[in-house]
Number of protein chains: 2
Amino acid sequence: MSFDFTALLPEGTPAPANRWSGFPEFNFVGGHIDNATVPVDDLRAAMDRALAREGADIATYSLRSGPQGYRPLRDFVAEKLNRYAGIETTGDDILLTSGSLQAMDLVNTLLLEPGDTVIVEETNYGGTFSKLRAMGVKMVPVALDADGMRMDALETALNDLAAQGIRPKYIFTIATVHNPTGTILPLDRRHRMLELAKAHSVPIFEDECYSDIVWANERPPALRALDDSGMVIHIGTFSKTVGPALRVGYINADWPVLGRLVALKKDAGSPALEQMMLAEYGIDRFDAHVRHCNAVLEGKLDALIDAVNEHFGTTVQFAKPPGGIFLWMKLPEGVTTPRLAAVAGAQGVAVNPGPDWSLEGDADRWIRICFANPPIETIRAGVAKLATICQAEFGVPEISGNVRR
Amino acid sequence: MSFDFTALLPEGTPAPANRWSGFPEFNFVGGHIDNATVPVDDLRAAMDRALAREGADIATYSLRSGPQGYRPLRDFVAEKLNRYAGIETTGDDILLTSGSLQAMDLVNTLLLEPGDTVIVEETNYGGTFSKLRAMGVKMVPVALDADGMRMDALETALNDLAAQGIRPKYIFTIATVHNPTGTILPLDRRHRMLELAKAHSVPIFEDECYSDIVWANERPPALRALDDSGMVIHIGTFSKTVGPALRVGYINADWPVLGRLVALKKDAGSPALEQMMLAEYGIDRFDAHVRHCNAVLEGKLDALIDAVNEHFGTTVQFAKPPGGIFLWMKLPEGVTTPRLAAVAGAQGVAVNPGPDWSLEGDADRWIRICFANPPIETIRAGVAKLATICQAEFGVPEISGNVRR
């Protein structure tokens, strides 16, 4: 007879997951990138050189580099932060993590307790919300516009909290290539955010997972680059530039914070091979690779926008983002995107419904479309199918591809 | 001026870690393995073949295998569990993790709440204790003898708890090559443990991190192999056979448990390259490699024991373990090992003091010596230095290397 675990599980434990049955046919979720852009030959060569030289070091936890992670990759990250984000730092102040999700978890574990308050962009990475909710932390949302977080709204939020005697634990911002809106916060707003944060003694938690993916190949300095007080904690990843199956992210912060995060990281190290391969791949190849990816991804985005225009016409609203791997799009009145996502998902078209990504009042009109992974033909066919499904379910768009349905 | 984070930190947050300054000269801690045994050429070849064939798949989270991990490695683990531990399973019921520490964390997160009770071997992996303490879980220790957990003591513990109306959440056991004692639980005790566990409806959490490292190259079937009710959750790792810098562990359990652990694993996947390389390396090379490692490690253990006999003589007690990478050794009366470890550590000789590894009354007489990493000459020199330090600090051993000190 089968042993019954249910009485042993804490209250509210969900049922077992369904077994995974493969990616959907039209996969517009999940933050995957373009398989064709993975620089396989250069990565193979890098991995082989690194293993030949230092392969025997896998016999020791964390190679020969200690708990902050593989020193050559820390130096690479420091150089990348300098070149790309204007941050003056060294490998001494980098903590390599198992993806940027672990970076988020470590920062949250260090700073947050149940009942604490944080400030977040109102529309945000879904994981930001779910992690904070799971920790019992209150989120004060701040509105965005076409340039990212609104500084007037941030000021109001900080003043309101101060009036209640609440000091929020941090301002969380995806300032450069925001998820999901793709916005890049202009330099003047960055200075203003630092001013406000300083005036209220609230640190800034800056997540720059997508910040290398910018069509113009240039961007304003990171908030951390503009601050000299150590009040900004900066995290990033290689997931969106080299590959998300590699589990390597990083944290850059001053030692009073970083040294405590090192102590909290009790996983016996992040993956050795992925750290060795990326370090050996090197920043010059990385530079050229990122420029190539950006050209490819902007082409895919343009194809997506063409398909959306063709199949949804003027019924949808969106702005072409300056970078990133998704389009954040508002569907016409009458459409509720959680239902659209469910119905479309059942037919092989996967999109993220707005409420997972936004605390806005009309979040359920929005969807997030990740366009990096599917080939252009698949993007076109998927958008056409999504429009057909939307029309069948909600009656809109009425006209698609210049054909009344 | 530097931003002050201290007021934002939860009460009791420790100070920042010290910066890492390299491994100690005589490194008898940390569970590292022998650099010379890492099969670098075979691993390079495996990694290169896998990257050439499937490298582009790193563009998607978890490659093409979903949240349980890279399918070819799941199949390898299933085959390994079958050959080595007698467990009939398939890759469908394997969850690959980022090291076996994550496996422990997932199982603990699924089953435990503050105030819960678990049964543990009285002497145990230090991380077992620290993780359970951090979760606010009560540990009921069960004594060991030369054959591992004593079944009479387990029966008493289960009966005592039942008399108090307490159903423990699990019996945690490192049945095969116990950490730190190295004991292997005999088959009759395994059957008895299952009987007792079944009678009390308490699941077994079986950790087999070291179980491949056995001088005889054979071992009794795993508890999970002897159970057909799904009451055993089995975890293991490649850290001790291929390299701990690789972060790959695994869980094998029936779906009512495994499917819930999959849902709890929210790290966006375990490292891709390490999974690909190990799968491609393959079980036949793994077999030959493990036999080679076992011969090398037993040689190192014998050298360690010779050095201990030479320098500590009859003042210490230990049994030669049948496998593993450590010697668990009792120092003479008057020695307290936390102080010995501190004094020796300051002089470059790192050992684990007993109280981190044992709840026994005389735990502070024991030390754990990891012998896998240092070369034999270093083992000899380190033991000699440890004896000298011990003599200087505690006056014992009086005679060392046949020389009165």
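Residues numbered from 1 in each chain as written. Chains lettered and ligands numbered in written order. Predicted model: local features only at pLDDT ≥ 70, side-chain atom pairs only at ≥ 80, totals over all residues. Heavy atoms only, no water.

An unreviewed UniProt entry annotates chain A as PLP-dependent aminotransferase family protein of Psychromarinibacter halotolerans. Note on chain A: under the UniProt heading Cofactor (unreviewed entry), the record states "pyridoxal 5'-phosphate". (UniProt positions renumbered as here; feature names shortened; annotations may be inferred.)

Turning our eyes to something else, we now look at the sheet that holds strand 11 (residues 326-330) of chain A. Residues and elements named next belong to chain A. Strands sit in the order 11-14-13 across an open sheet of 3 strands; the sheet is antiparallel. With one partner strand each, in any of the chains shown, strand 11 and strand 13 (352-353) form the two edges of the open sheet. When strand 13 meets strand 14 (residues 366-370), the two strands line up antiparallel, connected through 2 bridges. Of the residues in strand 14, the one forming a bridge with Asn352 is Arg368. In the packing of helix 10 (residues 283-312) onto the sheet, contacts are made with strand 11 and strand 14, and the angle to strand 11 comes to roughly 20°. (Pairing = 2+ DSSP bridges. Helix = DSSP H or I, 4+ residues; strand = E, 2+ residues; numbered from the N terminus. Contact = heavy atoms within 4.5 Å. Axes fitted to C-alpha atoms, helices over the stretch in contact; angles between N-to-C directions.)

At an RMSD of 0.0 Å, chain B and chain A line up after a rotation of 180° and a shift of 0.0 Å along the axis. Each copy turns onto its partner about a two-fold axis. Interface overlap between copies is the fraction of interface residues in one copy that are interface residues in the other; for chain B against chain A it reaches 100%, indicating a shared surface. (Least-squares fit on C-alpha atoms with pLDDT ≥ 70 in both.)

Turning next to the domain arrangement of chain A. All names here are of chain A. Looking at chain A, the domain boundaries give domain 1 (23-38 + 286-404) and domain 2 (40-282). Of note, the centres of domain 1 and domain 2, computed from C-alpha atoms alone, are 27 Å apart. When domain 1 packs against domain 2, close to 2,900 Å² is buried across both sides, 61% of that on carbon and sulfur atoms. The tally of links from domain 1 across to domain 2 stands at 1 salt bridge. As a salt-bridge pair, Arg83 and Asp287 come within 2.3 Å of each other at their nearest N and O atoms. (Domains from an automatic or database assignment. Buried area = accessible area lost by both parts, 1.4 Å probe. Salt bridge = Lys/Arg side-chain N within 4 Å of Asp/Glu carboxyl O.)

Along the polypeptide, B:Glu274 turns up in helix 9 (residues 272-281). Look at B:Glu274: it is buried, it has no salt bridge, and the nearest opposite charge is B:Arg247 at 6.5 Å. One polar contact links the side chain of B:Glu274 to the main-chain amide nitrogen of A:Leu273, over a distance of 2.8 Å. Other than its neighbours up to four places away in sequence, B:Glu274 contacts A:Pro271, A:Ala272, A:Leu273, A:Glu274, B:Ala245, B:Leu246, B:Arg247 and B:Val248. (Buried < 20%, exposed > 50% of the residue type's maximum accessible area, 1.4 Å probe, protein only. Lys, Arg positive; Asp, Glu negative; His and termini not counted. Polar contact = N/O pair within 3.5 Å; in protein donor to acceptor, adjacent residues only side chain to side chain.)

This brings us to the pairing of strand 2 (residues 94-97) of chain A. Residues and elements named next belong to chain A. The alternating pattern of strand 2 places Ile94 and Leu96 on one face and Leu95 and Thr97 on the opposite face, and all of these are buried. Of the pairings in the sheet, the one linking strand 2 to strand 10 (residues 249-252) comprises 4 bridges and is antiparallel in character. Bridge pairing links Ile94 to Asn252 in strand 10.

On to the sheet that holds strand 14 (residues 366-370) of chain B, then. Strands in a sheet are paired, the pairing made by backbone hydrogen bonds, and the direction either parallel or antiparallel. Residues and elements named next belong to chain B. Strands sit in the order 11-14-13 across an open sheet of 3 strands; the sheet is antiparallel. With partners counted over all chains shown, the strands left at the sheet margins are strand 11 (326-330) and strand 13 (352-353), one partner each. Across the face of the sheet, helix 10 (residues 283-312) comes into contact with strand 11 and strand 14 while running at roughly 20° to strand 11.

Grouped burial of nonpolar side chains is what soluble globular proteins tend to show. A:Leu73, A:Phe238, B:Leu73 and B:Phe238 are the most contacted members of the largest nonpolar core, which has 78 residues in total. For A:Phe238, the residues in contact, after removing those within four places along its chain, are A:Leu73, A:Phe76, A:Val77, A:Lys80, A:Gly243, A:Val248, A:Tyr250, A:Leu278 and A:Phe286. The next biggest cluster of nonpolar side chains, apart from the first, holds 58 residues, and it includes B:Ala157, B:Phe172, B:Leu194 and B:Val257. (Core = buried A, V, L, I, M, F, W, Y, C linked by side-chain atoms within 4.5 Å.)

It is worth spelling out helix 12 (residues 376-394) of chain A at this point. In a regular helix each residue adds 1.5 Å, so 19 residues correspond to 27 Å; helix 12 of chain A covers 26 Å between its end C-alpha atoms and thus fits that length. Just beyond helix 12 of chain A, the residue with positive phi is A:Gly395, at close to 80°. (Expected span 1.5 Å × (residues − 1).)

Attention now goes to unusual backbone geometry. Residues and elements named next belong to chain A. Geometrically, the link from Asn179 to Pro180 is a cis peptide bond, its omega value of 10° lying close to zero. Cis geometry is found at the peptide bond from Val396 to Pro397, where omega equals -5°. Structurally, the position occupied by Pro397 is in the loop between helix 12 and strand 15 (399-400). The backbone phi angle of Ser201 is positive, close to 55°, even though this residue is not glycine. As for its placement among the helices and strands, Ser201 is situated in the loop between helix 6 (187-199) and strand 8 (204-207).

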